[in-house]
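# An overview of the molecular structure
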Amino acid sequence: MLGLVFCGVLLWCCTLPVGYGIMAAIAPSQDHALCQGDRVILASWLGLLSFAVTLLGLSLWLPLKPWLVLAWVLGVGLPLGWLARHDLRQLQQQSLDAIRTSKGWVGLAIALYIWVAIDGSQLMVWYDTGLYHSQQIQWLHTFGTVPGLALLHHRFGVSSAWFALLAILDHRASGHTLYSVANTFVLGLAIAQLVIVLHRLQQRRACLGDGFLVVAWSLVLPQMWWSTIINSTSPDLVVILLTIVTAWAMLISHDTGLALAPLLLGALTFSIKPSSLPITGVAFLFYLWRGPDKVKRSLLGISLIGVIASPLLIANVITSGYLLFPSTLLSINVSWLLTPSEAHTLASAITNWARWASVTPLSPNPLAWVQLWLDRETQLLLLWLLTLLFSVDWWRSRSHPSRWPAATPYLLLLGLGGSIYVAALAPAWRFGWGMACLMPALGLARWFETQGRDRLLFPLVAAIVANSWLNPSTTLTFVIIVSLIILSLIALFPKQFPPFAILGCVAVLSLLSIAPNRLQTTHYQLHPVLPPSIAQFTPNPLIKREQNGLTYSLPSRPSKALIAGPSSGADQCWTAPLPCTPHLTTPNLTHRNPQLGVQAGFQRTQ
């Protein structure tokens, strides 16, 4: 736990000056005033994501070792930190003032981050970590981006800047991997922002977008804790959080002129996971329509997206031959190019998993999965229905635009259009949770701000939405009873309960019914220093195979980690020595250069 806290703080110190340098370049503080606390949140995200994308770019030429952190600090952090030195001094002064005047709130933020670190230090049993994340991170750490890696296993062709960030935290020689540092850190950023906003509301200094943030984080954070995705290597968590942050940046940009911030966040999110394309597209449209010179803005926007996305696109070509793998729309004729059918195998596997969450029947009815999906994704369906409801409400109130924030059309496009995109390709909560929360969060916040005593139902609605996956149970009944008691007190004594008290109920009620379920299902243990090693899951012995002069290994039996969820077959390599694969994408592969071995990559046999 302490290891995650220390590494998270170190990561923040290494990336924050870069984020402030970017903010100084696109929006000097003297030109665009932000509410206190907002600037540090934006800078933290921009600095962290820029570091991840830079590492992915460096992996095209060299392996990702820890010394690159020092090179980043000296080569990028110090120059950009000098550029933003006035902002950093102001942050230092504001931090000291906050410690003196708001000790309780600072203590709350620290306590919540430690709580997240305790959660992130639990035993990592996330299925995809053992299936391909761990191996892919090990390839980046040992060799960098390797040509033709998707021929070994098609999932190894899915590149991500998040895996590049995790690769510098890979320290298998000691038996430990700090893979959960990144997800723990970004979740800590989200909680810190929620605490900052609640503090402003308590002092009656609400800023634009604060109500949206309280509802959005109250819908998102409980789901993250319930799912165990915190202590995983999954980039889905950071994409969900970035969806909320990008939408919030759009809301505040209409007052501050920070139109470039959502565009940068959208482009950086694409480098984390290409399936986040709707976020990038809407952020580009937002930037395009924020100024008069559309041609100039479109050229600048496309150029920025192209530069930021280029490491991911090049890495995809190097590993699979396709720019947007597993999509086969754009390909390069290289010796390791996967066939369209091989690429489609991965795309269909993701879609079928999201629909069936189990083995797909051989000849299923086209809509047979719907009933199973409805039983499993109740909460996501509820959010989609609320998205549709609030979208209709916005459409009907177009004649009174002051009722909704100016950025509402963009949030509607991302929430409604993004949800349709997810529903068509892979209808699972972890792929579309952030987009599904946008319009409900905006609509509930507007409802709270504009209605009279009806807003007393606000925390109850938010709490039920946040916990609806539990279905009617003793715990949920308890939550509803507690909610009604609190709301009755607020109704009887309205002057004693300011708006902050009502909004604060949302966070508390959203977490009440999760805690017993989470603690019971994950067998919590306290790990004071480091998380337990995932090496214990590595299959032993491994099955050695040889194909066209290539020696590789296969898992010999199901992993011990499969006790965490239903699965079948031995398909997880975890920390097994390279190269290990659940199965070969094609038997027609060999070394590109037998003298150099696997570091030179793979190609198809002639």
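It should be noted that the structure appears before, not after, this text.
Attention here is on the structure that accompanies the text. As the structure is a prediction and not an experimental result, all values here were calculated from the model.

## Remarks on the packing of aromatic side chains
- Counted by the stated rule, this structure contains 7 aromatic pairs.
- Between Phe286 and Tyr410 the ring centres are 5.2 Å apart and the planes differ by 85°, which places this aromatic pair in the edge-to-face class. Taken together, the positions of Phe286 in helix H13 (residues 277-288) and Tyr410 in helix H18 (residues 408-425) put the pair 124 residues apart, joining distant regions of the chain. No difference in accessibility class separates Phe286 from Tyr410, as the two residues are buried.
- Both rings, one in Trp394 and one in Trp395, keep their centres 6.3 Å apart while their planes meet at 55°; by these two values the pair is tilted.
- Taking NZ or CZ as reference, Arg85 lies 4.1 Å from the ring centre of Trp82, over its face.
- Here the basic side chain of Arg297 rests over the ring of Tyr287, its NZ or CZ set 4.2 Å away from the ring centre.

## Let's talk about the environment of Phe212
- Along the chain, Phe212 falls in helix H10 (residues 210-227).
- For Phe212, a relative accessible area of 2% puts it in the buried group.
- Separated by 226 residues in the primary sequence, Phe212 and Leu438 place their C-alpha atoms 8.4 Å from one another.
- Other than its neighbours up to four places away in sequence, Phe212 contacts Ile244, Ala247, Trp248, Leu251, Leu411, Leu438, Ala441, Leu442 and Ala445.

## What about helix H3 (residues 67-83)?
- With 17 residues, H3 extends 24 Å between its outermost C-alpha atoms, agreeing within 8% with the 24 Å of an ideal straight helix rising 1.5 Å per residue.
- If you look at H3, its biggest bend is around 40°, right at Gly77, and the proline Pro79 turns up within four residues after that.
- The set of residues buried in H3 consists of Leu68, Trp72, Gly77 and Gly81.
- Of the surrounding secondary structure, the elements contacted by the buried residues of H3 are helix H1 (2-26), helix H2 (38-58) and helix H4 (85-101).

## What about the pairing of strand S4 (residues 550-554)?
- By the criterion of burial, S4 is predominantly enclosed, with 4 of the 5 residues buried.
- Strand direction decides the pairing type here: strand S3 (residues 543-547) and S4, joined by 5 bridges, are antiparallel. Paired with Ile543 across the strands is Leu554, a residue of S4.
- Following S3, the chain reverses through 2 residues before pairing antiparallel with S4; Asn548 in that reversal takes a positive phi of roughly 55°.

## Side note on H1
- For H1, with 25 residues, the first-to-last C-alpha span of 36 Å sits near the 36 Å given by 1.5 Å per residue.
- When the local axis directions of H1 are compared, the greatest deviation, roughly 35°, occurs at Thr15, which is followed within four positions by the proline Pro17.

## A few points about the state of the cysteines
- One pass over the full model with this rule turns up 1 disulfide.
- With no disulfide of its own, Cys13 lies 6.8 Å from the sulfur of Cys14, the closest cysteine sulfur.
- Looking at Cys13, the relative accessible area reads 47%, which means it is partly exposed.

## Section: the environment of Gly417
- Inspection of the secondary structure puts Gly417 in helix H18.
- Taking the C-alpha atoms as reference points, Gly417 and Met435, separated by 18 residues in sequence, lie 8.8 Å from one another.

## Quick look at the pattern of salt bridges
- Using the criterion set out here, one finds 8 salt bridges in the structure.
- The residue Asp97 makes a salt bridge to Arg100 at a minimum N-O spacing of 2.3 Å. Taken together, the residues Asp97 and Arg100, both in helix H4 and 3 residues apart, mark about one turn of the helix.
- Asp97 gets classed as partly exposed once you look at its relative accessible area, which sits at 29%.
- A network of salt bridges, in which partner residues are shared, links Asp128, Asp236, Lys273 and Arg430.

## Topic: the nonpolar core
- Counting 165 residues, the largest nonpolar core has Trp45, Phe212, Trp217 and Phe602 as its most contacted members.
- The leading source of residues in this core is helix H11 (residues 236-256), at 14 residues.
- Ignoring sequence-local partners within four residues, the contact set of Trp217 consists of Ala190, Gln193, Leu194, Pro222, Leu241, Ile244 and Val245.

## A closer look at empty space enclosed by the protein
- In the structure shown here, the tally under the stated rule is 2 cavities of 30 Å³ or more.
- Approximately 100 Å³ is the volume found for the largest cavity.
- Along its surface, the largest cavity is lined by 15 residues, and Gln136, Leu140, Thr145, Ser159 and Thr319 are the ones closest to its centre.
- Going through the elements one at a time, helix H6 (127-142) and helix H14 (294-319) are the ones with two or more residues in the lining of the largest cavity.

Conventions and cut-offs
Residues numbered from 1 in each chain as written. Predicted model: local features only at pLDDT ≥ 70, side-chain atom pairs only at ≥ 80, totals over all residues. Heavy atoms only, no water. Phe/Tyr/Trp six-rings, centres within 6.5 Å; stacked < 30°, edge-to-face > 60°. Helix = DSSP H or I, 4+ residues; strand = E, 2+ residues; numbered from the N terminus. Buried < 20%, exposed > 50% of the residue type's maximum accessible area, 1.4 Å probe, protein only. Lys NZ or Arg CZ within 6 Å of the ring centre and 35° of its normal. Contact = heavy atoms within 4.5 Å. Expected span 1.5 Å × (residues − 1). Bend = angle between axes of the 7 residues up to and from the residue. Pairing = 2+ DSSP bridges. Disulfide = S-S within 2.5 Å. Salt bridge = Lys/Arg side-chain N within 4 Å of Asp/Glu carboxyl O. Core = buried A, V, L, I, M, F, W, Y, C linked by side-chain atoms within 4.5 Å. 1 Å grid on protein atoms, 1.4 Å probe; cavity = no way out; pocket = protein on both sides within 12 Å on 5 of 7 lines; lining within 4 Å. Points joined across faces, edges and corners; volume = space filled by probe spheres on them.

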